[in-house]
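A closer look at the structure
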Amino acid sequence: MKLLIVGGVAGGASAAARSRRLSEGAEIVVFERGPDVSFANCGLPYYVGGEIAERDKLLVTTPQQLRTRFNLDVRTRTSVEGIDRAAKKVRVRDLTSGREYEETYDKLLLAPGAAPLRPPLPGIDSPGIFTLRNLQDVDRIKERVDRGVRQAVLLGGGFISLELAENLVRRGVATTVVEKNDQILTPFDREMTTPIAGHLAAKGVTLLLGQTAEGFEETHDGLVVVLKSGQRLPAQLVVVGVGVRPENELAVDAGLEVGPRGGIRVNDRLQTSDPDIYAVGDAIEVTDFVTGDPAQVPLAGPANRQGRIAADNIFGRDTAYRGTQGTAIVGFFDRTAAITGSSEKSLRRADLPFRKVYVHPTHHAGYYPGAEPMTLKVLFHPETGKLLGAQAVGGAGVDKRIDVLAVAIQAGMTVFDLEEMELAYAPQYGSAKDPINMAGFVAGGLLRGEHPQVDVEAVLAAPAAGRPFLLDVRTAQEFASGHIPEAVNIPVDDLRSRLGELPRDRKIAAYCQVGQRGYLATRILQQAGFSAANIGGGYKTYKLLHLSA
Ligand code: FAD
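Model, not experiment: these values are computed from the prediction.

1. Quick look at the sheet that holds strand β15 (residues 232-235)
Read across the sheet, three strands follow the order β13-β14-β15 without closing on themselves; strand pairing throughout is antiparallel. Of all strands in the sheet, those bounded by a partner on one side alone are β13 (213-219) and β15. Averaged over all adjacent pairs, the angle separating strand axes in this sheet is 25°, with direction ignored.

2. Some thoughts on the pairing of strand β31 (residues 532-535)
In terms of strand pairing, strand β27 (residues 453-454) meets β31 through two bridges, oriented parallel. Opposite Val 454, over in β31, you have Ile 535 as the bridge partner.

3. Quick look at the site of the ligand
The environment of the ligand is formed by 27 residues, the closest being Gly 11, Glu 32, Val 80, Asp 282 and Ala 300. In this structure, Glu 32 approaches the ligand through a side-chain N or O atom, which is 2.7 Å from an oxygen atom. Asn 41 places a polar side-chain atom, nitrogen or oxygen, 3.4 Å from an oxygen atom of the ligand. Protein chains bury 88% of the 1000 Å² of accessible surface belonging to the ligand in isolation. Listing elements by their share of the shell around the ligand, those giving two or more residues are α1 (10-22), β4 (78-84) and α8 (300-314). Counting residues per element, the shell around the ligand draws most heavily on β4, at three residues. For the shell around the ligand, the class distribution of residues is 16 nonpolar, seven polar and four charged.

4. Remarks on the pairing of strand β25 (residues 374-380)
Across the seven residues that make up β25, a large majority, seven, are buried. In β25, alternate side chains face the same way, and those of Met 374, Leu 376, Val 378 and Phe 380 on one face and Thr 375, Lys 377 and Leu 379 on the other are all buried. Pairing geometry for strand β24 (residues 355-359) and β25, over five bridges, is antiparallel. Opposite Val 359, over in β25, you have Leu 376 as the bridge partner. Two strands pair when backbone bridges link them, and β25 and strand β26 (residues 387-394) are joined in this way by seven bridges, in the antiparallel orientation. Its bridge partner lying in β26, Thr 375 is registered against Val 393. Here β25 hands over to β26 after six residues, with Gly 385 in that stretch at a positive phi of 80°.

5. What about helix α4 (residues 135-148)?
Helix length check: α4, at 14 residues, gives a terminal C-alpha distance of 20 Å against a target of 20 Å (1.5 Å per residue), a fit within 8%. Taken together, the buried positions of α4 are occupied by Leu 135, Asp 137, Val 138, Ile 141, Lys 142, Arg 144 and Val 145. Of the surrounding secondary structure, the elements contacted by the buried residues of α4 are α2 (44-49), β9 (129-130), α5 (159-170) and β16 (237-240). Structurally, the start of α4 carries an N-cap: the backbone nitrogen of Gln 136 is 3.2 Å from a side-chain oxygen of Asn 134.

6. A look at the pattern of salt bridges
Opposite charge on two side chains permits pairing when their charged atoms draw close. Evaluated as defined, the whole model comprises 41 salt bridges. Glu 217 is paired through a salt bridge with Arg 232; the nearest N and O atoms lie 2.7 Å apart. Taken together, the positions of Glu 217 in strand β13 and Arg 232 in strand β15 put the pair 15 residues apart, joining distant regions of the chain. Owing to a relative accessible area of 45%, Arg 232 belongs among the partly exposed residues under this scheme. Linking Glu 344 and Arg 348 is a salt bridge whose minimum nitrogen-to-oxygen distance equals 2.6 Å. Note that Glu 344 and Arg 348 are positioned in helix α9 (residues 344-349) at a spacing of four residues, about one turn of the helix. Residue classification places Glu 344 among the buried positions, given a relative accessible area of 7%. By relative accessible area, which is 51% here, Arg 348 ends up exposed. Connected through shared salt-bridge partners, Asp 189, Glu 191, Glu 344, Arg 348, Lys 356, Lys 377 and Glu 457 make up one network.

7. Re helix α16 (residues 538-546)
Listing the buried residues of α16 in full gives Gly 538, Tyr 539, Thr 541, Tyr 542 and Leu 544. In the core, the buried residues of α16 are packed alongside α6 (190-202), β24, β25, α13 (456-461), β30 (508-511) and β31.

8. A few points about the side chain of Asp 312
Structurally, the position occupied by Asp 312 is in helix α8. According to the relative accessible area criterion, Asp 312 is buried, its value standing at 7%. Residue contacts for Asp 312: discarding those within four places in its chain leaves Arg 18, Leu 22, Arg 317 and Thr 319.

9. Considering unusual backbone geometry
The bulk of non-glycine residues show a negative phi, and the bulk of peptide bonds are trans. The phi dihedral of Ser 38 is positive, around 40°, even though this residue is not glycine. Note that Ser 38 resides in the loop between β2 (27-31) and α2.

10. A closer look at the layout of surface pockets
Computed from the structure, the second largest pocket encloses a volume of approximately 560 Å³. Considering the residues around the second largest pocket, the lining is formed by 26 residues, among which Val 359, Met 438, Val 442, Val 514 and Gln 516 are closest to the centre. For the lining of the second largest pocket, the secondary structure elements donating two or more residues are β24, α12 (435-448) and α15 (516-527). Considering every element that reaches the lining of the second largest pocket, the biggest residue donor is α12, with six residues. Looking at the lining of the second largest pocket, its residues break down into nine nonpolar, twelve polar and five charged.

Each value, and the rule that gives it
- Residues numbered from 1 in each chain as written.
- Predicted model: local features only at pLDDT ≥ 70, side-chain atom pairs only at ≥ 80, totals over all residues.
- Heavy atoms only, no water.
- Pairing = 2+ DSSP bridges.
- Helix = DSSP H or I, 4+ residues; strand = E, 2+ residues; numbered from the N terminus.
- Axes fitted to C-alpha atoms, helices over the stretch in contact; angles between N-to-C directions.
- Near = heavy atom within 4 Å.
- Polar contact = N/O pair within 3.5 Å; in protein donor to acceptor, adjacent residues only side chain to side chain.
- Areas by Shrake-Rupley, 256 points an atom, 1.4 Å probe, with all protein chains shown as cover.
- Nonpolar A, V, L, I, M, F, W, Y, C, P; charged D, E, K, R; others polar.
- Buried < 20%, exposed > 50% of the residue type's maximum accessible area, 1.4 Å probe, protein only.
- Expected span 1.5 Å × (residues − 1).
- Contact = heavy atoms within 4.5 Å.
- Salt bridge = Lys/Arg side-chain N within 4 Å of Asp/Glu carboxyl O.
- 1 Å grid on protein atoms, 1.4 Å probe; cavity = no way out; pocket = protein on both sides within 12 Å on 5 of 7 lines; lining within 4 Å.
- Points joined across faces, edges and corners; volume = space filled by probe spheres on them.

Structural data, given as structure tokens:
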């Protein structure tokens, strides 16, 4: 068996190593256009900030190590330029010598990744404007920062921009993030990003939402980024992080099928429309694990797993790829946002039915020092309770909850399973009722009809005549420091003695800070004959939904 692999980083290197473990006899050639293989793309922003101090640490392995340990024929600075499917050979160019040659294959694996988008704006090729994909890019950016950058503009408010923003702030650079949407981190629902947006501002990052760059002008001091709004942002460094496009040229030229967004089409064995050609990683179109729809999800975990699975199939093991859930996490200083499965907006786009709950617990027992608040949003099927997606934002413990929920989604679990989950607990790690259990209790109660709940958006969107009576059951002090307009305050502890103040001919929507006292109030009201529901996630959710950034 002669296997050729195009691309020697996440997907390609995983596939190569797995292939060798499965077959000592195979001839395996890895072509990599750049000088490095298997480097840590995900660590690049932290090298700019100095958190990762040594460049060598970014090299997970070297071509020489791959040759020695895995007996791989690794050819760096070598580009595959074309595929002749009929003759089963590829055209190769050695980028150092310029020599062109052909190489035959039995099986070919494409792992060429995705290239950063570089919108064709006037001045985009000016010095000082970069994209970030590999070690050469990070060397250029770091060299620029080391020479002295006072102001940086990051175009795009995605994962990489946020990570870079943190690292530039650490280096004392005044940083502006320009994002064309009305939110950062577009895979998330907007309200879940507002705490991170607030934290960006708290750390001195200027966030310009709903803005786009129109062009760049060179000045004596560097650059000016000109926005469509007319605003002009001086900068000595600009990093464009507005998304990626699959590197599909080889596949397209060879007549392989690609999806509407350019991803190479594969089956669940990661085989392209040519059975002798496999493809993995950022370059492929995947199936969304939750919706079953085609999707483009450029993440390292899926690329690595796909590399293994493709190798399995190439070497005769029948292994299926289950689809991509889009489990992702990003940190900005001490705040974390994480997501798995579908978001509310993607479910709406796909016109799929769902319900949602928000809980706002602390990451471990509140009485133990250092408890940090988090917001957890869980989306589930309105009848079966099957988990569809989850997002969390906060500090410590966000990663653990999203990982638990990622496994639950993968296992096809429901919100009722979350109620039963037995998770590790000691006060410094969690709670006897973990945030996961709490989300399960709220969602399970809601589906069983024990816990009538309304979404705050629905309450506020109702026409004035039909709008429920808004009852704030927090303390007078909490009420005074902010409340939903038109709400009336009766603290939950006084409620039983003040029922006479409430209307019997209107539905009552009760709320507290996070949902718990509102739930208790709802139970009191229902048993006293009122028609009442709790506003899910309480005032904290209302605030998330109504913050401007
Ligand atoms: P790549 O790793 O990009 O490898 C493809 C390789 O193929 C490239 O080196 C390219 O030079 C080579 N190649 C392309 N065409 C040819 C050709 N014709 N001939 C020869 N070689 C070719 N993901 C996460 O999940 N978590 C993170 O925290 C995270 N952080 C990131 C931070 C940064 C700065 C970047 C850039 C990415 C990050 N990612 C992260 C995304 C993750 O790195 C990618 O999803 C993953 O590397 C994709 O793997 P791949 O094998 O498909 O492509």
